[in-house]
Amino acid sequence: MTWEIRGVIEGFYGRPWTWDERIEVARACADGGMTHYVYAPKDDPYHRERWREPYPPDALAGFERLIAEGGLSVGFAISPGLSIDSTVREDREALAAKVAPMLDLGVELVVLALDDLPPRPGLGEEHAALATWLHEWLTGRATLALVPTEYTGTGGSTPYLDAIAGLPDDVAIGWTGPFVVNDEITVDDTQRRREALGGRPPLLWDNWPVNDAVMADRLFLG
């Protein structure tokens, strides 16, 4: 079996890595036969709370340096779900304006991260509409992956999952397994998630180690 995306996502809470640390991780990923590094640190304010604001020049220089390393594809994640309105043209344009410089630098994978949001009726339809629009805007420039609000579990279909299951087939949809942190993920678990997504194989985000919420006071020694 070939995994089209295999690598590391910097998607944790807490101090983000430095650019030197990212390059060290990227080199290790490439040496290990991985394909991707994805930038998604939760405590980067430009990633989430201040997603509309452009990255300053020093951050863009860091991205350029990381991409120039070569050896693997660099992905860029953005998490606008706290405040974006997918029906407002200005919000969509702000999202495009935020992503465009990354494409110019050579980012090949864009991740729309809509995790850790409060659930509500109609959220799936809104996220499906936003992801569909972004997928069309990215056509020919980069591939798109989605981290949905319902990113964990094996409970079968839900109104939210039913809505995002209609996304274009080439949009990978992230999943952490039956739980946020798992001792194991079985073939049966994966098959149930696939069925909940209308037959689409999930993109596994193995959450290790997790350093927020109930895990914040645990020291990982393994």
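As a reminder, the structure under discussion sits directly above these lines.
Overview of the structure.

**Re the pattern of salt bridges**
So, step 1. Inspection of the entire model under this criterion finds 12 salt bridges.
So, step 2. Among the ionic pairs, Glu53 bridges to Arg50, the shortest N-O distance being 3.0 Å.
So, step 3. Under the relative-accessibility criterion, Arg50 is labelled partly exposed at 35%.
So, step 4. The closest approach of N and O atoms between Arg120 and Glu126, which form a salt bridge, is 2.9 Å.

**Here's the deal with helix α2 (residues 57-68)**
So, step 1. Counted at 1.5 Å a residue, the expected span for α2 with its 12 residues is 16 Å, and the 16 Å between its end C-alpha atoms agrees.
So, step 2. Two residues or fewer past α2, Gly70 is found with a positive phi of approximately 70°.

**Here's the deal with the packing of aromatic side chains**
For any pair of aromatic rings, the description consists of the separation of the ring centres together with the inter-plane angle of the planes.
So, step 1. In total, this model carries 11 aromatic pairs according to the counting rule given.
So, step 2. With a centroid separation of 5.6 Å and an interplanar angle of 75°, the aromatic rings of Tyr55 and Phe63 are classed as edge-to-face. Here Tyr55 and Phe63 have matching classes, each one buried.
So, step 3. Through successive ring pairs, a cluster of aromatic residues spans Trp19, Tyr39, Tyr46, Tyr55, Phe63 and Phe76.
So, step 4. A cation sits over an aromatic face here: Arg50 above Tyr46, 4.7 Å from the ring centre.
So, step 5. In this structure, Arg141 packs its charged tip against the face of Trp137, placed 5.3 Å from the ring centre.

Procedures and definitions
- Residues numbered from 1 in each chain as written.
- Predicted model: local features only at pLDDT ≥ 70, side-chain atom pairs only at ≥ 80, totals over all residues.
- Heavy atoms only, no water.
- Salt bridge = Lys/Arg side-chain N within 4 Å of Asp/Glu carboxyl O.
- Buried < 20%, exposed > 50% of the residue type's maximum accessible area, 1.4 Å probe, protein only.
- Helix = DSSP H or I, 4+ residues; strand = E, 2+ residues; numbered from the N terminus.
- Expected span 1.5 Å × (residues − 1).
- Phe/Tyr/Trp six-rings, centres within 6.5 Å; stacked < 30°, edge-to-face > 60°.
- Lys NZ or Arg CZ within 6 Å of the ring centre and 35° of its normal.

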